[in-house]
Amino acid sequence: MEQQEIAFTNLVKEYKSTVYTVCMMFAEDADETDDLVQEALIHLWKGFSNARQVTKTWVWRVTMNSCISIDRKKHRKKKTECALMVAHENVMQADLWANNANVKHLYERIHALNPFDRAIVMLWLEGMTYDEIAEVMGITVKNVSVKLFRIKEQLKQMNHNGKQ
């Protein structure tokens, strides 16, 4: 195996849960999650040799851009709204979601957000700082702050109005 292939394999091992988490938030079911993971890995491989620095932020950005691109194509083709995320036994943290209705409802509401807002929330839930989120999303730190405030308000409205 080439040195670049070994390095990429190590990258995938290190960040597989990050890639899977991002893809899961854009998928409607387990099969679609697997498809998104495959597409994300292809994009990661294509960008791997040209990346100046391979970091968690880079992996997030490439994976998220891959999912957003596919999500946009899917919506152009179907012209329908996002369906709610379906948790399944093989998904990481499925036990948590299955046992905690509040967490499941929160993720369903997050999944109903537009892809850009969903990505910001995912990064925030991952524990990234506003600076890191700004870097991944290509926006200012102030914009991250404003967007998160508005997204939280939107999620509260979904809860109060019974929307999902």
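Look a little higher up for the structure.
Residues numbered from 1 in each chain as written. Predicted model: local features only at pLDDT ≥ 70, side-chain atom pairs only at ≥ 80, totals over all residues. Heavy atoms only, no water.

## Concerning the overall build of the protein chain
Now for step 1: Scanning the protein chain for helices and strands turns up eight helices and zero strands.
Now for step 2: Helices (α) and strands (β) of the protein chain occur, in sequence order from the N terminus, as α-α-α-α-α-α-α-α.
Now for step 3: Residues counted as buried form 40% of the 164 residues belonging to the protein chain.
Now for step 4: Contacts in the protein chain between residues at least 24 apart in sequence constitute 65% of all its contacts with a sequence separation of at least 6.
Now for step 5: When the accessible area of the protein chain is evaluated, it comes to approximately 9,900 Å², of which 49% is carbon and sulfur surface. (Helix = DSSP H or I, 4+ residues; strand = E, 2+ residues; numbered from the N terminus. Buried < 20%, exposed > 50% of the residue type's maximum accessible area, 1.4 Å probe, protein only. Contact = heavy atoms within 4.5 Å. Areas by Shrake-Rupley, 256 points an atom, 1.4 Å probe, with all protein chains shown as cover.)

## Here's the deal with the packing of aromatic side chains
Now for step 1: Inspection of the entire model under this criterion finds two aromatic pairs.
Now for step 2: Arranged with centres 5.4 Å apart and planes meeting at 70°, the rings of Phe8 and Phe48 form a pair that is edge-to-face. Of this pair, Phe8 sits in helix α1 (residues 3-26) while Phe48 is found in helix α2 (residues 30-48), placing the two residues 40 residues apart along the sequence.
Now for step 3: Residue class for Phe8 comes out buried when judged on its relative accessible area of 11%. (Phe/Tyr/Trp six-rings, centres within 6.5 Å; stacked < 30°, edge-to-face > 60°.)

## Brief notes about the pattern of salt bridges
Now for step 1: Inspection of the entire model under this criterion finds two salt bridges.
Now for step 2: Its salt-bridge partner being Lys56, residue Glu126 comes within 3.3 Å of it at the nearest N-O pair. Taken as a pair, Glu126 in the loop between α6 (115-125) and α7 (130-137) and Lys56 in helix α3 (residues 56-78) lie far apart in primary sequence, 70 residues in all.
Now for step 3: Residue Glu126 is classed as partly exposed on the basis of its relative accessible area, which comes to 33%. (Salt bridge = Lys/Arg side-chain N within 4 Å of Asp/Glu carboxyl O.)

## Observations regarding the environment of Asp131
Now for step 1: Along the polypeptide, Asp131 turns up in helix α7.
Now for step 2: Overall, Asp131 belongs to the exposed group, its relative accessible area being 53%.
Now for step 3: Spatially, the C-alpha atom of Asp131 lies 5.7 Å from that of Val141, the residues being 10 residues apart in sequence.

## Some remarks on a negative patch on the surface
Now for step 1: A grouping of Asp29, Asp31, Asp34, Asp35 and Glu39 is seen on the molecular surface, where their side chains present a negatively charged patch.
Now for step 2: For Asp35, the location among the structural elements is in helix α2. (Patch = residues over 30% accessible without salt bridge, like charges linked within 9 Å, V, L, I, M, F, W, Y side chains within 5 Å. Lys, Arg positive; Asp, Glu negative; His and termini not counted. Charge placed at Lys NZ, Arg CZ, Asp CG, Glu CD.)

## A few points about the side chain of Thr33
Now for step 1: With respect to the element layout, Thr33 can be found in helix α2.
Now for step 2: A relative accessible area of 2% means that Thr33 is categorised as buried.
Now for step 3: Ignoring anything within four residues of it in the chain, the contact list for Thr33 reads Tyr20, Cys23, Met24 and Ala27.

## Overview of the nonpolar core
Now for step 1: Within the largest apolar cluster, 42 residues are counted, with the highest numbers of intra-cluster contacts made by Phe26, Trp58, Trp60, Met64, Leu123 and Met137.
Now for step 2: Of all elements in the fold, only α1, α2, α3, α5 (101-111), α6, α7 and α8 (141-161) reach the threshold of two or more residues within this core.
Now for step 3: When residues in this core are grouped by element, the largest group, nine residues, is from α1.
Now for step 4: Once residues lying within four places of it in the same chain are set aside, the contact partners of Met64 are Val22, Phe26, Ala119, Leu123, Val136 and Met137. (Core = buried A, V, L, I, M, F, W, Y, C linked by side-chain atoms within 4.5 Å.)

These results come straight from atomic positions and should not be treated as a statement about function.
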